[in-house]
Amino acid sequence: MNHIAILTSGGDAPGMNAAIRAVTRSALDQGMTVHGVMQGWQGLVDGQFRPLSARDVGGIIQVGGTFLGSARSPEFRTERGLSKALRNLAQHGIEGVVVIGGNGSQTGAHALSQLGVHVVGVASTIDNDLPGTDITIGCDTAINVTLGAIDHLRTTGSSHNRAFLVETMGRDCGYLAIMAGLAGGAEVISIPEFEVPASEIAQRLRAAYERGKTHAIVVIAEGVQESAAKVLAYFEGEQQRTGFELRATTLGHVVRGAPPSAFDRILATRLGVGAVKALSDGETGVLVGWQRNEVTRTKLADIVGRTKPVHTELLELARVLAK
Ligand code: F6P
């Protein structure tokens, strides 16, 4: 294989740049030419390619986001869009494509591989909800940013006898909220897969208050029906129900844009190198992930349309340990 392309798609994740660097430099080392595709799938449809040299990917390992850009592309999902993408790949003599992204991106990768292009996916999303990998690029950093915010809120909460509702990302998946909540000693964790009603939040905060706690933390994932703001409004003027004065903080995209942790940089490096190895082994239609402490390949056909379930038993563990 002489020419490969690399693109990032979907929500950006800390460590994507480290993965681009690893793919580029390991492919160059094997004598391949590397083409960066700008703006994800849309760039493939529009033919927005740029050659990548070793120097082009210098100074990015520590930077969050993706310097190639990422964009949603409804056009890529159409027959016309796909054939434009195929034509652009052929024009540049590109035989293999590395797709760095989460569930939606790997669905696109699968569609492209069905048309005869050699495609290899790299597991990357802060949500860690992609099957075929124990962990995805970006989620360690996002957990740590959420945890940092929890720690800070807990400090000021203690000074003022307040409880904080902290909303983190995760529209469809509560992995981030569970892990940051567990590490941050949260009293309550509410996630789309297991939503805690406001009345129960009140009970658990009241119990914490009566146990003599000087602060309390409720971690809420973005995708729940009762957002942090709604829960706050629900308790407005009824401090006696929880004991604590309540405040809400929504973290939003702050958790996605941070510089990657050492863990994410190393994971991205291993998976990026693994993707180039998969292409040079003649593989196609696989996701390169990290399972049981090694780089693995899983058929994209077995992944698309599925999400990895969260360990909801950790919610009960967090409840017990918050006492
Ligand atoms: O999939 C990653 C993610 O950050 C989710 O946690 C979040 O719900 C979603 O993307 C937000 O997407 P957007 O940036 O398009 O609002």
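Computed from a prediction, not measured in an experiment: that's the story for all the values here.

### Side note on the pairing of strand E4 (residues 96–101)
Within E4, 6 of the 6 residues are buried, which leaves it mostly tucked inside the rest of the structure. Residues Gly96, Val98 and Ile100 of E4 are buried on one face, and the alternating residues Val97, Val99 and Gly101, pointing to the opposite face, are buried as well. As judged from the 5 bridges shared by strand E1 (residues 3–8) and E4, these two strands associate in the parallel manner. Along E4, the bridge assignment pairs threonine 8 with isoleucine 100. Note that E4 and strand E5 (residues 118–123) share 6 bridges and pair parallel. Residue glycine 101 lies in a different strand from E5, and its bridge partner there is alanine 123.

### Details of the nonpolar core
Ranked by internal contacts, the top residues of the largest apolar core, which has 60 residues, are Ile6, Val98, Ile100, Ile189, Ile191 and Ile217. By residue number, the principal contributor to this core is helix H10 (residues 262–280), which donates 7 residues. Of the domains in this structure, domain 1 (3–138 + 260–302) and domain 2 (141–256) are the two that each give at least three residues to this core. For isoleucine 6, the residues in contact, after removing those within four places along its chain, are Ile20, Val23, Val34, His35, Gly36, Val37, Leu52, Leu68, Val98 and Ile100. Ranked by size, the runner-up nonpolar core spans 23 residues in total, among them Ala85, Ile94, Ala109 and Val119.

### Quick word on the domain arrangement of the protein chain
Domain annotation for the protein chain reports domain 1 (3–138 + 260–302) and domain 2 (141–256). Each of domain 1 and domain 2 has a C-alpha centre, and these two points are 35 Å apart. Taken residue by residue, the interface counts 12 residues in domain 1 and 9 residues in domain 2. Roughly 910 Å² of surface becomes buried between domain 1 and domain 2 when both sides are summed, with 52% attributable to carbon and sulfur atoms. Between domain 1 and domain 2 we count 1 salt bridge in total. The partner of arginine 256 in a salt bridge is aspartate 12, with the nearest N and O atoms 2.9 Å apart. Where domain 1 packs against domain 2, one counts 5 residue pairs in polar contact (both at pLDDT 80 or more). Looking at the side of domain 1 that touches domain 2, its residues break down into 4 nonpolar, 4 polar and 4 charged.

### Observations concerning the packing of aromatic side chains
On inspection of all chains with the given rule, the structure shows 3 aromatic pairs. On the basis of an interplanar angle of 15° and a centroid distance of 4.2 Å, the ring pair of tryptophan 41 and phenylalanine 76 is categorised as stacked. With tryptophan 41 in helix H2 (residues 40–46) and phenylalanine 76 in the loop between strand E3 (49–51) and helix H3 (79–91), the pair connects residues that are 35 residues apart, well separated along the chain. Like phenylalanine 76, tryptophan 41 is buried. Between tyrosine 234 and phenylalanine 235 the ring centres are 5.2 Å apart and the planes differ by 85°, which places this aromatic pair in the edge-to-face class.

### Observations concerning the side chain of threonine 298
As for its position among the elements, threonine 298 is in strand E11 (residues 294–299). One polar contact links threonine 298 to glutamine 291, side chain to side chain, over a distance of 3.5 Å. Excluding its chain neighbours within four sequence positions, the residues that come into contact with threonine 298 are Gly132, Gly285, Val286, Leu287, Gln291 and Ile303.

Scoring rules and cut-offs
- Residues numbered from 1 in each chain as written.
- Predicted model: local features only at pLDDT ≥ 70, side-chain atom pairs only at ≥ 80, totals over all residues.
- Heavy atoms only, no water.
- Buried < 20%, exposed > 50% of the residue type's maximum accessible area, 1.4 Å probe, protein only.
- Helix = DSSP H or I, 4+ residues; strand = E, 2+ residues; numbered from the N terminus.
- Pairing = 2+ DSSP bridges.
- Core = buried A, V, L, I, M, F, W, Y, C linked by side-chain atoms within 4.5 Å.
- Domains from an automatic or database assignment.
- Contact = heavy atoms within 4.5 Å.
- Buried area = accessible area lost by both parts, 1.4 Å probe.
- Salt bridge = Lys/Arg side-chain N within 4 Å of Asp/Glu carboxyl O.
- Polar contact = N/O pair within 3.5 Å; in protein donor to acceptor, adjacent residues only side chain to side chain.
- Nonpolar A, V, L, I, M, F, W, Y, C, P; charged D, E, K, R; others polar.
- Phe/Tyr/Trp six-rings, centres within 6.5 Å; stacked < 30°, edge-to-face > 60°.

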